[in-house]
4 protein chains.
Amino acid sequence: MTRNLGSVEEQLETAGRDISWALGKLQAQHIEVPSWGFGDSGTRFKVFQQAGAPRTPFEKIDDAALLQSLVGCAKSIALHIPWDTVDDFKALRKYAEDRSIKLGAINPNLFQDDEYKLGSICHPDEAVRNKSIDHLLECVEIAKQVDSGLLSLWFADGTNYPGQDNLRDRKRRLEAALRRVYDAMPEGMRMLVEYKLYEPAFYSTDFPDWGLSYLVCNKLGPQAQVLVDLGHHAHGVNIEQIVAMLLTEGRLGGFHFNDRKYGDDDLMVGSVNPYQLFLIYCELAAAEDDEDDAVAQECARNVAYMIDQAHNIELRIPALIRSIMNLQEAYAKAILVDRAALKKAQENQDVLAGHQALLDAYSTDVRPLLAETRVEMGLGRDPMEAYVQSGYQQKIENERPAGSGMGWS
Amino acid sequence: MTRNLGSVEEQLETAGRDISWALGKLQAQHIEVPSWGFGDSGTRFKVFQQAGAPRTPFEKIDDAALLQSLVGCAKSIALHIPWDTVDDFKALRKYAEDRSIKLGAINPNLFQDDEYKLGSICHPDEAVRNKSIDHLLECVEIAKQVDSGLLSLWFADGTNYPGQDNLRDRKRRLEAALRRVYDAMPEGMRMLVEYKLYEPAFYSTDFPDWGLSYLVCNKLGPQAQVLVDLGHHAHGVNIEQIVAMLLTEGRLGGFHFNDRKYGDDDLMVGSVNPYQLFLIYCELAAAEDDEDDAVAQECARNVAYMIDQAHNIELRIPALIRSIMNLQEAYAKAILVDRAALKKAQENQDVLAGHQALLDAYSTDVRPLLAETRVEMGLGRDPMEAYVQSGYQQKIENERPAGSGMGWS
Amino acid sequence: MTRNLGSVEEQLETAGRDISWALGKLQAQHIEVPSWGFGDSGTRFKVFQQAGAPRTPFEKIDDAALLQSLVGCAKSIALHIPWDTVDDFKALRKYAEDRSIKLGAINPNLFQDDEYKLGSICHPDEAVRNKSIDHLLECVEIAKQVDSGLLSLWFADGTNYPGQDNLRDRKRRLEAALRRVYDAMPEGMRMLVEYKLYEPAFYSTDFPDWGLSYLVCNKLGPQAQVLVDLGHHAHGVNIEQIVAMLLTEGRLGGFHFNDRKYGDDDLMVGSVNPYQLFLIYCELAAAEDDEDDAVAQECARNVAYMIDQAHNIELRIPALIRSIMNLQEAYAKAILVDRAALKKAQENQDVLAGHQALLDAYSTDVRPLLAETRVEMGLGRDPMEAYVQSGYQQKIENERPAGSGMGWS
Amino acid sequence: MTRNLGSVEEQLETAGRDISWALGKLQAQHIEVPSWGFGDSGTRFKVFQQAGAPRTPFEKIDDAALLQSLVGCAKSIALHIPWDTVDDFKALRKYAEDRSIKLGAINPNLFQDDEYKLGSICHPDEAVRNKSIDHLLECVEIAKQVDSGLLSLWFADGTNYPGQDNLRDRKRRLEAALRRVYDAMPEGMRMLVEYKLYEPAFYSTDFPDWGLSYLVCNKLGPQAQVLVDLGHHAHGVNIEQIVAMLLTEGRLGGFHFNDRKYGDDDLMVGSVNPYQLFLIYCELAAAEDDEDDAVAQECARNVAYMIDQAHNIELRIPALIRSIMNLQEAYAKAILVDRAALKKAQENQDVLAGHQALLDAYSTDVRPLLAETRVEMGLGRDPMEAYVQSGYQQKIENERPAGSGMGWS
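Here is what the cut-offs are and how they apply
Residues numbered from 1 in each chain as written. Chains lettered and ligands numbered in written order. Predicted model: local features only at pLDDT ≥ 70, side-chain atom pairs only at ≥ 80, totals over all residues. Heavy atoms only, no water. Helix = DSSP H or I, 4+ residues; strand = E, 2+ residues; numbered from the N terminus. Rg over C-alpha atoms; globule rule 2.2 N^0.38 Å. Buried < 20%, exposed > 50% of the residue type's maximum accessible area, 1.4 Å probe, protein only. Contact = heavy atoms within 4.5 Å. Areas by Shrake-Rupley, 256 points an atom, 1.4 Å probe, with all protein chains shown as cover. Lys, Arg positive; Asp, Glu negative; His and termini not counted. Charge placed at Lys NZ, Arg CZ, Asp CG, Glu CD. Polar contact = N/O pair within 3.5 Å; in protein donor to acceptor, adjacent residues only side chain to side chain. Least-squares fit on C-alpha atoms with pLDDT ≥ 70 in both. Salt bridge = Lys/Arg side-chain N within 4 Å of Asp/Glu carboxyl O. Buried area = accessible area lost by both parts, 1.4 Å probe. Disulfide = S-S within 2.5 Å. Expected span 1.5 Å × (residues − 1). pLDDT = per-residue confidence, 0-100. Axes fitted to C-alpha atoms, helices over the stretch in contact; angles between N-to-C directions. Parallel < 35°, antiparallel > 145°, perpendicular 65-115°, else oblique. Left-handed = near helix turned anticlockwise from the far one by under 90°. Nonpolar A, V, L, I, M, F, W, Y, C, P; charged D, E, K, R; others polar.

1. Considerations on the overall build of chain A
Secondary structure assignment for chain A yields 16 helices and 10 strands. For 409 residues, the compact-globule formula gives about 22 Å, and the C-alpha radius of gyration of chain A, at 21 Å, lands near that figure. With respect to the three principal axes, the spread of C-alpha positions in chain A is 65 × 55 × 40 Å. With 409 residues in all, chain A has 70% of them scored as buried. Of the contacts formed within chain A by residues at least 6 apart in sequence, a portion of 79% connects residues at least 24 apart. Of the roughly 12500 Å² of accessible surface on chain A, 47% is carried by carbon and sulfur atoms. Charged side chains in chain A number 42 positive and 62 negative. The centres of these two groups are separated by 3 Å.

Encoded structure:
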């Protein structure tokens, strides 16, 4: 890979910035990886098991630590409860911290027990609802133990057929349950409320879109924010606009990064529409620096950036490296935008000039800039190559035979 | 058409109702027709002009009056300003009332002046924004003059390319403008805020979904409510769920009825997916009678039901008759649902029984019931046949040659 | 349920038919049920196991026989190989025939062996392709043994990322493989080639749409036909038009019936959009009787009607009863269409009259007609009620505890 | 813009190519511009008229000539009949050739006469069908006169409501009409058959997808090929796969380039999903050089690359410059792919390596390479800047006031 920073420097100069500013921004980038991203996953048709899948939460942290040693920005790992339940969470936390990994968002599981066939916190049976709430409260406790400030909530709740349940009642149950959990959260902890158009529910989903997540968060209080998963929208929906809207309201809590061409395909982020990913980061990078919009700026600076993908057929650690590189490239291009030129074009109502201000950044090859960032952080220039050189894949395949590892259960 | 009410009576009995209750509900149904629904419309490729299109707002009222004399529930007509601007709105109102027609929602036009190329209330230029707001304020005044309690707002505002404008700034402009209009509304007047996924804007639309309409209405105050146009959603979006959510919040203001298979096709309501229309009415009918949810009940009883269609190739008045009959059938089936059985199935977690409670109503042939409703109201049993018998189509085609009438301008 | 046939008779008379003609048509209707429709299924998130799931292929036939005793048109059962592999297929056939069930389409499985991670007949490795072809040839042999004339082919083949494989090469491999299988089929056997937009492949699917299935069938020969699964299309695609197009070419081989609101949701057929199902049957019923289009008529009369659904949360046998009733209602309404009126309206370019000719049939309550059909066949009027009365559900739940049954594996 | 070719040369070396090879490929690129792309266009809501719109076909050629003097690859202009009808087509041709512009594809118009309300070649009335066919035959004659080898056919034909017309009859009429036109074409002329999911027809479109266009072309003969418009597909459809499939059959005739986020938005090509455009060009560039697939290679080398866009709010000539630059960048990146590495990864079943072979090319900044290409052709490095310098926009705005120009009529 070239060491030539020429065109990057040119674009930075145009944008009124310099290389050290850019390196500073990029070194501060933070991407959380999901513990389940290292394990087996698949479709309803088949889970293809790979050798090398971690067999314990500790091995997941080993993998995350190796990954972080290559990319530098994968500073934390999200946990899924009960998949990552251990006897001693403080020990898990110490194990992680010893490897320079922070334990991140706590993700409850409210979809794999038999009782949850018709829902969890929206279930028609109060006993099931209470079981769900207990699990959520348990996760608040775990978050406290591992010093995580994030409770990341996704609900599979919904219905498959009209008439199966009462939609207004389900909304009431949902609000009542989250109120109890919200009230149990300590100061400083945030609840991230995810939404999804469909799957596994096929008629209605109780959090179907950002509108309902926003509505509920707005009722709950300032510690409740919306989580945007890139694969959870209907076709055509403008995700970067949702991001912008939530920023102005201080309600953008975090992302689940992945990409999709059809449904919730959970492919590697940036692999289907890298330009969309760039546009999302443009909104975030602009808000980070926007002194005139204090709410958006504060919000942007606290966004939780998390990967949530299923690597059904490709090697997992390389897939995460590729994903992180895509996120780094998207952010790097976003900070290259000449915002003064952009603003001027918008004020002049010059449609094409405003568009070109984005394209000039997007067309720039930022790979040399990111290589330089890694060098400054004491890492290799190319994490994919460094992984191959590390021999780690061979090592884990030897140690962990196919079928012995953990997956989505 | 059969006069046989047998299966309707059977279903009503199952649902614990009787025929006179049903007739009462159906006689109270109200559908507003759009003044522009009588005139020429088309696609960007071609507007096919029909003989018989009204040449003045008064002729539109003539058509509405004739329509109402056949169907009985088309009690009001929505106006579009400036398409329906007249020197003396009070005279127009009297003309209408003399024909038993009420003037309904006032619909401003903020998309056909040359200044609006890049938006109206979200335009980057303050002068254009002010012009837009002035037009909205003028419409509030017109609403007062014609004794209409509804200001129905659709904004074509949006952008075609990333970078064309700042999305957060546009939201701020939008909120500021609507605040001014809201504050100018008299007590008792409601602002209905429509949303639309896309078209005519093709990158971002400033009110893209119910979430943003809700968010803004929630800030404005209790007189602002969301308007749901059935054709303005992404594929797969569950519209009846949006209806239910807005009902629980008291924020469902009204409908623009039409149907679509692809984009915003503006076909006759119920012509693509009549079952979806039935499910929407099921939510509305249930809320109307739900004593346990006062907010939803109050809201449901004040919903403004309005048609908004483009009859590009079919005869307009018959198209409106067909549309109204579809709305009547949907509502009639919705009130036939055995709600006790539905509720019991839901409590029993019997998925198929809950589903069947809806199907039993949907499968019932309600045409005889609606014929009976019309007879009770002194109308003919079959409005389509009555229209043919009336000779009105021949009359207007003679009086109003193709090309002489009004369309979308 | 009412015994009143009044409105049906009225509509039949309008259409120039009588009740005995209708009863004859309906008694001849044939729906094939899938062996896997009786067993556990789910999403990638969870398979909820039900008590009562059959434990052997023989028990699946027991369930199919019980079902057929209630509905009368479920005359055959599709087999999935190897899920339904038995030592002695002739014994299985005899077991079925003794219960008045015919063994229907043979469905190979080319997606659950570990070798198939990157495809089967399109796999880059010739060894995997040969294994796939061997399995297909084995299925031809099984079809011969069980006297089935149908080889029903669905391929999960595709890619998840651009660059993963060469799309033109994959097409060549696909054609070469099917040529070998086609040539191995005996006279009278038909190959049905299914297509699917996506899932489990998320970038490209090797048979993505009817166009490619048609193209390949057209090369293979007259015994190759296209199979239409209702859930395998992009949003908006007009399925009834695909049906009509394939009929004119004699290339419509069969259906996999189910319904969907989002992706390939595999819900009960007719549960999301019953009107679409009616329109599909309108094309089929019209072609069946169209003496002027011998190709379409011959084709329509040999279509294989098969259910392919996943009953994730509802009871399976009742779900199949509901599905079959939906198919019966759709077909019954389709044969009620007044085709002379329809044709006349079309010739007169009367858009609304043509549309209404379909609506008149669709609005008719055909439940009494279907009850009558069942009575003529010696069955109960209401199969759902008859199932409850039968005690069969209780019986199988007692005999077959949850988790003991077969699913998608 | 930087003159630094470093990273391009690096990538070319990796791919086993050199800079002169790349410059040769890029100088041979050919993009046809549409005559109507210079004029006013809009949505059904409003056509915003721009000063500078050409008032005659001759002025359209002036604009095309100016454009070509800046970009070098816009060598021909497509004509739309009757919008571009002149008394003497040979004079128009000479006028164009004197300005180094070739007259390209002839595009008939079968959607703007009043008779075409219910279709053209599929219309139920034979007289309308004959009128349509006459127009098509006239266009064949015009093509001969202007020495164009391309008849580019798009049909707005379709229906808005089920029952409006008989779908099988429409297909028969369509085939009969095209047979007559095909037979009238001289040797060497090609018929390009476009398809479109919807609009202006909203229930069925007679050429809805590539499958039907292929089917009909296959019957007509080798001079009939499919035209792919990037905006005419359902969401999710894999366009590059359609391209690949048609190439293997020798049936890919040409493109209508544009981009879309929602429906047929007709935005500038590459403005919504530039990565998809790159992937399409990857298929084309690979086939061009594929000695092992003679059919695909021959086909790829004869593809007609045409822009078809609506510039509703942006300046037209700059929009075309931007579009052409996007097409040049997509093609330039496509030829940079290291095909040996790609093939090797595919053979090794290394999913991520195959994917990365494409990404390595896509991430390269090809703007310096294209600047160099222009310099070699005697053009300025930056066509957008050159346009501003030319003063042409000011000139045409002065000469041609808003409203005086031609649009879609």
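2. A short note on the side chain of D:Ser204
Along the polypeptide, D:Ser204 turns up in strand S7 (residues 204-205). Residue D:Ser204 is classed as buried on the basis of its relative accessible area, which comes to 0%. Polar contacts involving the side chain of D:Ser204 include one to the side chain of D:Thr159, which spans 2.7 Å. Apart from the residues within four sequence positions on either side, D:Ser204 is in contact with B:Tyr262, C:Asn238, C:Gln241, D:Asp157, D:Gly158, D:Thr159 and D:Leu167.

3. Regarding the relation of the copies chain D and chain B
Superposing chain D onto chain B takes a rotation of 180° combined with a translation of 0.0 Å along the rotation axis, leaving an RMSD of 0.0 Å. Such a combination of turn and shift is consistent with a two-fold rotation axis. Rotation axis and chain D: the residue whose C-alpha lies nearest the axis is D:Arg44, separated from it by 2.1 Å. Most of the interface of chain D is mirrored in chain B, where 100% of its interface residues again form contacts.

4. A closer look at the relation of the copies chain D and chain C
Note on the chain copies: they are related by a rotation about an axis and a translation along it. You can overlay chain D on chain C at an RMSD of 0.0 Å; the transform is a turn of 180° with a shift of 0.0 Å along its axis. Here 100% of the contact residues of chain D are again contact residues in chain C; the copies associate through an equivalent surface.

5. Let's talk about the pattern of salt bridges
Counting across every chain of the model gives 158 salt bridges over all chains. A salt bridge links B:Lys25 to B:Glu288; its shortest N-O distance comes to 2.9 Å. Of the two residues, B:Lys25 sits in helix H2 (residues 19-27) while B:Glu288 sits in helix H9 (residues 274-288), which places them 263 residues apart along the sequence. Of the two residues, B:Lys25 and B:Glu288, neither departs from the other in class, the shared state being buried. Between D:Lys131 and D:Asp113 there is a salt bridge, with its nearest N and O atoms 2.8 Å apart. With D:Lys131 in helix H5 (residues 126-145) and D:Asp113 in the loop between strand S3 (102-108) and H5, this pair connects stretches of sequence that are 18 residues apart. Residue class for D:Asp113 comes out partly exposed when judged on its relative accessible area of 34%. Where salt bridges share partners, they join A:Arg17, A:Lys25, A:Glu288, A:Asp289 and A:Arg339 into one cluster.

6. What to know about the interface of chain D and chain C
The interface is formed by 55 residues belonging to chain D together with 55 residues belonging to chain C. Summed over both partners, the interface of chain D with chain C buries about 4400 Å², with 58% contributed by carbon and sulfur atoms. It is D:Arg168, D:Gln241 and D:Gln346 that lose the most area in chain D upon contact with chain C, and together they represent 16% of the buried surface on that side. Along the contact surface separating chain D from chain C lie 10 salt bridges. In this structure, D:Lys219 engages C:Glu249 in a salt bridge whose closest nitrogen and oxygen atoms are separated by 2.6 Å. Applying the counting criterion to the chain D and chain C interface returns 24 residue pairs in polar contact (both at pLDDT 80 or more). Those elements that place two or more of their residues in the side of chain D that touches chain C are helix H6 (167-184), S7, helix H7 (210-220), helix H8 (239-249), helix H9 (274-288), helix H12 (339-347) and helix H13 (351-362) of chain D.

7. Regarding the state of the cysteines
Summed over all chains, the structure comprises zero disulfides over all chains. Here A:Cys282 is not cross-linked by a disulfide; its sulfur's nearest cysteine counterpart is in A:Cys299, at 17 Å.

8. Details of the interface of chain D and chain B
Taken together, the contacts link 40 residues of chain D with 40 residues of chain B. Carbon and sulfur atoms supply 62% of the area that chain D and chain B bury against each other, a total of about 3900 Å² over both sides. When residues of chain D are sorted by the area they lose upon contact with chain B, D:Arg44, D:Phe45 and D:Tyr161 head the list and together hold 23% of the total. Taken together, chain D and chain B are joined by eight salt bridges. We note a salt bridge from B:Arg44 to D:Glu199, for which the minimum N-O separation is 3.0 Å. Across the chain D-chain B interface, the total number found is 19 residue pairs in polar contact (both at pLDDT 80 or more).

9. Things to note about helix H9 (residues 274-288) of chain C
Across its 15 residues, H9(C) extends 21 Å between first and last C-alpha, which sits within 8% of the 21 Å expected from 1.5 Å per residue. In terms of residue burial, H9(C) counts as a mostly covered element, since 14 of its 15 residues are buried.

10. Things to note about the confidence of the model for chain A
Residue-level pLDDT values for chain A average 97, and 99% of them are 70 or greater. For this predicted complex, the interface score ipTM comes out at 0.97, while the overall pTM is 0.98.

11. Some points on unusual backbone geometry
The peptide bond linking C:Glu199 to C:Pro200 adopts the cis configuration, its omega dihedral lying at 10°. The phi dihedral of A:Asp266 falls on the positive side, at around 55°, and the residue is not glycine. Position of A:Asp266 relative to the elements: it lies in the loop between strand S9 (252-257) and helix H9 (274-288). The exposure class assigned to A:Asp266 is buried, which follows from its relative accessible area of 3%.

12. Section: the packing of H9(B) against helix H11 (residues 316-335) of chain B
Residues and elements named next belong to chain B. Between H9 and H11, the least distance of the axes is 8 Å, while the angle of their chain directions is 55°. Taken together, the axis directions place H9 and H11 in an arrangement best described as oblique. As for the relative orientation of H9 and H11, their crossing is right-handed in sense. Each of Leu277, Phe278, Tyr281, Cys282, Ala285 and Glu288 in H9 lies in contact with H11, whose residues at this interface are Asn326, Leu327, Ala330, Tyr331, Lys333, Ala334 and Ile335. Here the contact of H9 with H11 is built from residues that sort into 10 nonpolar, one polar and two charged.

13. Re the environment of C:Arg260
Residue and element names in this part refer to chain C. Mapped onto the elements of the fold, Arg260 is located in the loop between strand S9 (252-257) and H9. A residue is classified by how much of its surface remains accessible, and Arg260, at 14% relative accessible area, is buried. Between the alpha carbons of Arg260 and Val272 there is a distance of 6.2 Å; along the sequence they are 12 residues apart. Not counting chain neighbours up to four residues away, the residues in contact with Arg260 comprise Leu230, Gly231, His233, Ala234, His235, Asp265 and Val272.

14. Topic: helix H5 (residues 126-145) of chain A
Residues and elements named next belong to chain A. Spanning 20 residues, H5 covers 29 Å between terminal C-alpha atoms, matching the ideal 28 Å at 1.5 Å per step. Those residues of H5 not exposed but buried are Val128, Arg129, Ser132, Ile133, His135, Leu136, Cys139, Val140, Ile142 and Ala143. Considering only its buried residues, H5 is in contact with strand S2 (76-81), helix H4 (89-98), strand S3 (102-108), strand S4 (150-153) and helix H6 (167-184). The N-cap of H5, judged by a side-chain oxygen 2.8 Å from the amide nitrogen of Ala127 a few residues on, is Asp125.

15. Points about the environment of B:Cys122
Residue and element names in this part refer to chain B. Along the polypeptide, Cys122 turns up in the loop between strand S3 (102-108) and helix H5 (126-145). Taking relative accessible area as the criterion, Cys122 reaches 1% and is therefore assigned buried. Spatially, the C-alpha atoms of Cys122 and Leu174 are 5.4 Å apart, while their sequence positions differ by 52 residues. If sequence neighbours within four positions are ignored, Cys122 has contacts with Arg129, Asp157, Asp165, Arg170, Arg173, Leu174 and Asp206.

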